[in-house]
Amino acid sequence: MAQYVRPESLEEALALLADAPLTILAGGTDYYPARVGKPLDDDLLDITGIDGLRGISDGGDGWRIGATTTWTDVIEADLPPLFDGLKLAAREVGGVQIQNVGTLAGNLCNASPAADGVPPLLSLDAEVELAGPDGARRLPLGEFVLGNRETARQADELLTALHIPKAADDAVSSFLKLGARKYLVISIAMVAVVIEPADGAVGSARVAVGSCSAVAQRLPDVEAALKGQPLDASLGQQITQDHLTGAISPISDVRGSADYRFDVAATLVRRALGALGAGGQGQLETAA
Amino acid sequence: MNVMNQSLSFTVNGAPVSVHSSPVTRLVEVLRLELGLTGTKVGCNAGDCGACTVLLDGRQVCACMVPVGQVQGRDVQTVEGLGADGALSTLQQAFHKHGAAQCGICTPGMLMAARELLDSTPVPTEQQAMDALGGVLCRCTGYRKIVDAVLDVAATLDETTPDAGAAVGAPLLKIDGKPKLTGEESFGADAAPADSLWCRVVRAPHGRANFTVGDLEAFKAGHPGLEAVISNKDLPGAKLHGVYPVGKDTPVLATGFTRHKGEGVLVLVGDKLTVESIRDDDLPIDWSPLEPVYGVEAALAEGAPLVHDDKPGNILTGGFLQKGDVDAALAAADHVAEGSWQTSFVEHAYIEPEAGWAQRVGDRMEMHVTTQAPYMNRDEVAAILGIAQEDVRIVPTAVGGGFGGKLDMSVHVPLALAAWSLDRPVRITLERPESMASSTKRHPARMTATAGCSSDGKLTALRFDGDFDTGAYSSWGPTVADRVPVHATGPYIVPNVRNRTQAVLTNAPPAGAFRGFGVPQASITSEALYDELAEKCGLDPLEFRLLNVIRHGGETATGQILEHSVGMAECLEVMKPAWVERRAAATAFNENSAVLKRGVGISCMWYGCGNTGIPNPSTMKVGISADGKVTLYNGVMDIGQGPNTIMPQICADAIGIPVNIIGQIHGDTDLTADAGKSSASRQTFVSGRATQLAGEDLRTQILRLANVGDDARIEIVPGEIVVRDGDAQRTIDLRGMATDPNGDVLLGTGTFDPPTVALDENGQGIPYATYGFGAQIAEVEVDTELGTVKVLKIWAAYDVGRAVNPMQLDGQIHGGVAQGLGLALMEEYIPERTENLHDYLIPTVGDVPPIETFLIEDPEPLGPFGAKGIGEQSLIPTPAAIFGAIHHATGARMRHAPATPARVRAAILATRQG
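This is a predicted model, so every value here is computed, not measured.

**A closer look at the overall build of chain A**
Scanning chain A from terminus to terminus reveals 10 helices and 14 strands. Against the compact-globule benchmark of 19 Å for 288 residues, chain A has a radius of gyration of 19 Å, which places it among compact chains. Projected onto its principal axes, the C-alpha positions of chain A cover 60 × 45 × 30 Å. Sequence separation of 24 or more characterises 65% of the internal contacts of chain A that already satisfy a separation of 6 or more.

**Observations concerning the overall build of chain B**
Regarding its fold elements, chain B presents 22 helices and 37 strands. Radius of gyration (C-alpha) of chain B: 27 Å, near the 29 Å computed for a compact globule of 914 residues. Looking at chain B as a whole, 64% of its 914 residues are labelled buried. Summarising the internal contacts of chain B: among those between residues at least 6 apart in sequence, 78% fall at separations of at least 24.

**Topic: helix H16 (residues 541-548) of chain B**
Residues and elements named next belong to chain B. Within H16, burial applies to Pro541, Leu542, Phe544, Arg545 and Asn548. Looking down the long axis of H16, one finds its buried residues gathered within 160° of arc, a one-sided arrangement. On its buried face, H16 sits against strand S23 (459-471), helix H15 (519-537), helix H17 (568-591), strand S27 (596-608) and helix H21 (877-890).

**So, the interface of chain B and chain A**
At the junction of the two partners, chain B supplies 59 residues and chain A supplies 45 residues. At the level of secondary structure, the elements contributing two or more residues to the side of chain B that touches chain A comprise strand S4 (59-62), helix H8 (272-277), helix H13 (432-438), strand S35 (771-783), strand S36 (788-799) and helix H22 (901-912) of chain B. In terms of residue count, S4(B) provides more of the side of chain B that touches chain A than any other element does, 4 residues in total.

**What to know about the domain arrangement of chain B**
Residue and element names in this part refer to chain B. For chain B, the assigned domains read domain 1 (1-170), domain 2 (197-291 + 351-401 + 406-438), domain 3 (441-611 + 760-912) and domain 4 (618-752). Its C-alpha centre places domain 1 at a distance of 36 Å from the equivalent point of domain 4. For the side of domain 1 that touches domain 4, the per-class residue count stands at 7 nonpolar, 3 polar and 1 charged.

**Some points on the nonpolar core**
Nonpolar side chains in soluble globular proteins tend to end up buried together. One finds A:Leu108, A:Val191, A:Ala265, B:Ala416, B:Ala418, B:Ile882 and B:Ile886 to be the most contacted residues of the largest nonpolar core, which totals 394 residues. Looking at this core, the element that brings in the most residues is helix H10 (residues 258-277) of chain A, giving 11 residues. Leaving out residues up to four positions away in the same chain, B:Ala416 has contacts with B:Ala358, B:Met365, B:Met367, B:Val381, B:Ile384 and B:Leu385.

**Some remarks on unusual backbone geometry**
The phi angle of most residues is negative, glycine excepted, and most peptide bonds adopt the trans form. Residue and element names in this part refer to chain B. In this chain, Ala897 is followed by Pro898 through a cis amide linkage whose omega measures 0°. Positive phi, close to 60°, is recorded for Asn314, a residue that is not glycine. Following the sequence through the fold, Asn314 ends up in the loop between helix H9 (296-300) and strand S14 (315-323). Residue classification places Asn314 among the buried residues on the basis of 22 C-beta atoms within 10 Å.

**Here we look at the sheet that holds strand S37 (residues 851-856) of chain B**
Residues and elements named next belong to chain B. What the 4 strands build is an open sheet, ordered S27-S35-S36-S37; its pairing is mixed. Unpaired on one side and paired on the other, S27 and S37 mark the two borders of the sheet. Shown here is a sheet whose adjacent strand axes are inclined to one another by a mean of 15°, direction ignored. Pairing of S35 with S36 involves 11 bridges; the strand directions are antiparallel. Within S36, the residue paired with Phe773 across the bridge is Asp799. On the sheet, helix H20 (residues 806-825) packs against S36 and S37 and is oriented at approximately 125° with respect to S37. Relative to the sheet, H21 contacts S27, S35 and S36, its axis offset from that of S27 by approximately 155°.

**Observations concerning the pairing of strand S12 (residues 264-270) of chain B**
It is a general feature of regular strands that their side chains alternate between the two faces of the sheet. Residue and element names in this part refer to chain B. A large share of S12 lies buried, amounting to 7 of its 7 residues. One ladder, built from 4 bridges, connects strand S8 (residues 226-230) with S12; its direction is antiparallel. Bridge pairing in S12 links Ile230 to Val267.

**A short note on the sheet that holds strand S31 (residues 713-717) of chain B**
Residue and element names in this part refer to chain B. With respect to topology, 3 strands assemble into an open sheet ordered S31-S32-S33, the strand pairing being antiparallel. Here the strands that pair on one side only, and so sit at the sheet edges, are S31 and strand S33 (728-733). Taken over all neighbouring pairs, the strand axes of this sheet differ in orientation by 20° on average, direction set aside. Here S31 pairs with strand S32 (residues 720-725) via 5 bridges, running antiparallel. Bridged to Arg713 within S32 is Arg724.

**Structural notes on H20(B)**
With 20 residues, H20(B) extends 28 Å between its outermost C-alpha atoms, agreeing within 8% with the 28 Å of an ideal straight helix rising 1.5 Å per residue. H20(B) sits mainly inside the fold: 18 of its 20 residues count as buried.

**Considering the packing of helix H3 (residues 107-120) of chain B against helix H4 (residues 126-133) of chain B**
All names here are of chain B. It is the contact of H3 with H4, at a shortest axis distance of 9 Å, that shows an interaxial angle of 130°. If you check the angle between H3 and H4, you find them oblique. Between H3 and H4 lies a crossing of right-handed hand. Note on element contacts: H4 touches H3 through Gln128, Ala129, Ala132 and Leu133, opposite Met110, Ala113, Ala114, Glu116 and Leu117.

**Some words on the packing of H20(B) against H21(B)**
Residue and element names in this part refer to chain B. Relative to each other, H20 and H21 sit at 55°, their axes nearing to 7 Å. Taken together, the axes of H20 and H21 lie oblique to each other. Like other packed secondary-structure pairs, H20 and H21 cross with a definite hand, here right-handed. Mapping the contact onto sequence places Gly816, Val817, Gly820, Leu821, Leu823, Ala824 and Leu825 in H20 and Thr878, Pro879, Ile882 and Phe883 in H21. Each residue belonging to the contact of H20 with H21 can be placed in one class, and the counts come to 8 nonpolar, 3 polar and no charged.

**Things to note about the pairing of S35(B)**
Residues and elements named next belong to chain B. Within S35, 13 of the 13 residues are buried, which leaves the element mostly enclosed by the surrounding structure. Here S35 shows a buried face lined by Tyr771, Phe773, Ala775, Ile777, Glu779, Glu781 and Asp783 and a second buried face lined by Gly772, Gly774, Gln776, Ala778, Val780 and Val782. Sheet topology note: the S27/S35 ladder contains 13 bridges and is antiparallel. Bridge assignment links Trp606 to a residue of S35, and that residue is Phe773.

**Overview of the environment of B:Val708**
Residue and element names in this part refer to chain B. Among the structural elements, Val708 can be located in the loop between helix H19 (683-706) and S31. Of the residues examined, Val708 has 19 C-beta atoms within 10 Å and is grouped as partly exposed. Residues Val708 and Val723 lie 15 residues apart in sequence; the distance between their C-alpha atoms is 8.0 Å. Beyond its immediate stretch of four places on either side in the chain, Val708 contacts Leu703, Val723, Asp725, Ala728 and Arg730.

Criteria and cut-off values
- Residues numbered from 1 in each chain as written.
- Chains lettered and ligands numbered in written order.
- Predicted model: local features only at pLDDT ≥ 70, side-chain atom pairs only at ≥ 80, totals over all residues.
- Helix = DSSP H or I, 4+ residues; strand = E, 2+ residues; numbered from the N terminus.
- Rg over C-alpha atoms; globule rule 2.2 N^0.38 Å.
- Contact = placed C-beta atoms within 7 Å.
- Buried ≥ 20, exposed ≤ 12 C-beta atoms within 10 Å, placed from the backbone.
- Arc of directions from axis to C-beta.
- Domains from an automatic or database assignment.
- Nonpolar A, V, L, I, M, F, W, Y, C, P; charged D, E, K, R; others polar.
- Core = buried A, V, L, I, M, F, W, Y, C linked by C-beta atoms within 7 Å.
- Pairing = 2+ DSSP bridges.
- Axes fitted to C-alpha atoms, helices over the stretch in contact; angles between N-to-C directions.
- Expected span 1.5 Å × (residues − 1).
- Parallel < 35°, antiparallel > 145°, perpendicular 65-115°, else oblique.
- Left-handed = near helix turned anticlockwise from the far one by under 90°.

Take a look at the structure:
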């Protein structure tokens, strides 16, 4: 008989994980689709009953996003413009049904190359907090998601929270997702950008691209090139595919060829930057 | 092993409930099977379609992804809780008013998603409505009516019905609309006896493979709860089935060899948990996969493996049409255009997967299944059981979308085999991946065509060659091969024509019937060529078409003279102002826009109603009982397209009584006559005419009994018919009259078989008694850097002969446009790779633009009150119009459907390289 446990405390959950490997269940939006027409016979640890795992709090040096915080929680949270990109991404995760139960942490642990949460969280310099039998540890997100469906989480660990460091008060952000239809779509390519202005120019920029490699990637060359650039509509217009080479390694699949992904990833980067420079967030001006 | 059951308590629609369930069980399963709340539907079990949307603590969730263990102590709202005391809620009324439910399978999910929005935002914007509904897929309506309903939630519903003689032409609300809005409608998966066994089909996991089966008896013995494992050794009747009377080539269950992924190999029957808990890998089947043959190029290659040993060259069949001398005409043409195109497999993606239940009743088989073709199903089930056709009773459930995909046998096979051999009720519901892997598809086409015209723009010739990938089995492949040569010119006068088609066998799922039977694919070629010829002649594309469209007295490529109901030119004329205005607007827009480019394209279409040059009859009956109840024995399958409303409208006016007193018995092969299948846009035309004849027959009987003239007025009251002719009034007392087995004292019958002449070896003849005509204009905006295409608006004009129900016609057109848009821009089924609704994309609420419709009425004398079909006509021109618009916007010719962003971007880049 398979087991299903839904503990109310983190300690209990960690004790259960220490005892035996368990499949961790939260919003269920990845668990169930992977088992259509198949038996539901995994040993499950349902973490949605754990006190204190859900919600967003400002700890002074940064924000803590609990592991069972949903996309809707993010959309509805009162957060500074630094999070606009994450909110835009949240609105593009599946339909509202999925946003209402799907969690940011689950999106990271599922580690899909097309995970909508990874580029914005990379651009936010997010860290993940993992709790295990020997206590908690923190990892930069880039060191947590290791590959397609592969993370640094140990079997006896639970991802308990994300930490977003503070940025300049006037930091702005955006997110653009390209898909072949309007809603409920897996992205062909997506871009997330955070910019901290300094004297009307770019103080620092953090740019990440998703769906164009096994794991979404930051673009260090682009970020370096942007530093000091004037913060206006021309921002980023010099970015070409060459700036992306080396950072991303798109594949060809049913949604588009590798060449196409390089091409549009560069376009999306330019658009997101240009829009932020002009004081907006940027939108894909067509429905798709 | 599955998880142990727990006792869980929560509230559903305000009432406390307790269930004893595994906490991992999907909430939707608990709602449906334990609590009997079947209003919440299952479309995919994967969060891709939203059919199972319910509110959990007021928030919309997919009940297929919520473990019921998480619902403990919480509040669930389902569609059953929307209305109060049997009355529709305001939201449901708005849906009813706007025709927002067609088949009704997505409706509960749509309603609940809308409910969440309206609870927080009573007066939403269109964008908010779309965002709220974005997670629910609909395949019938094209979404616009649903959005209209959500934005018009305060509207009042006018339910008055037309007077006697005024039903035809009235925008009557759907007669079967309310149950679709309350969740009461019973679809294939919604009802079965409580003691039913469950069955599951074990399917081929490879595209092409040999297999051997080990000891099934031992396997069964090792699995308590498993009642039977049925293999090809257990077949009581025919070993092969297929939709045609001859050439049956589809194994009932595979014998040592499978030709496509998803082909049925074994049927497991037992209790639900047992059947679901067995993994395919657990079964004693030894698979030896072989390299599958995918695509017509591979199938036609020298030395390609044969999909069927008796089909050399992998050619299933072909179609041919020749008129005049095409080579000479092309050589003499002032302008010639040519090109090659290809299209992809398209999945029907009805939101209701195949489902049903069956039981053996003595020596008869009774099946309750979702189907478009009850009588065809009856005959095929009889054959595979080896029993008489009369000993099979098909009682169709409500159908949650079909579009051609529910004509063929699907769940019938496991249900019939299991219920017959075990003599116990058995049920089945396909999961989405197996539905997609095993059901038929639209044929991918590889097409080359050349067209010629004179310098003044008169078409002189068309040559068309098309290879259609028909997959592993015949299904309706021959129909596509026959239909395309007839239609490939489009609705134009072309004096010299040579059209050739081939249906090519591959290891893909069978390609079969899908809204248009190959005509949408072919129209992409001819319409693009005509655009090109217009350009070469210096003519506007609409004017070029007006110059060439077929008109009254015109001769088709098959040599048929069309005397009646040819409103093609009127369709163009009525849209001309919009065309002129939007073409100019696009040009003006593009002058100021570097990246976004707008374009406007146009396409005409025609489509023959009914089978191609073969008999195609329908019979309808209408009776009056001794107590004065009128019953229409309506054997027409309503798959959302509306005959449950249309047929009574026709019947009412034929008898001369108000439509609201007509009761109906729906397609039940024991009770209704054979009205044929719901396909080929034939039901309004063929069964509608049969209905009219049945009604007129009944009226004639009544008038004769009353001995009055033809103009008499009939009033049916309890137990009597009152007939008034001028000042004279006669009363027919029904109570004393002899009754038939159905309790009727009078019965009107009508049969109609549209007159056709079989096509000869050159494709000459009268394949259809009438054709539907229409045209669409598409306005698009292309993001030239990304290759994305946003359709801004569609204008659609159709000659429908007579608009029996303008509201339902509008609904058909909207739905066809949405499917055509999907074909054009995003839908591409790849065998083994896109067997779900997130890798296979259909349009969402955000993808379908506003649609403006125009109905032209050029009456068809053979049709009921002049009417003809619309179902397939609605889809056919959309892809070509969109491709024309992309070309107008960017100069890029799309040669490969769907025009995904990557393909559009590549085509745009290609134009820049010269």
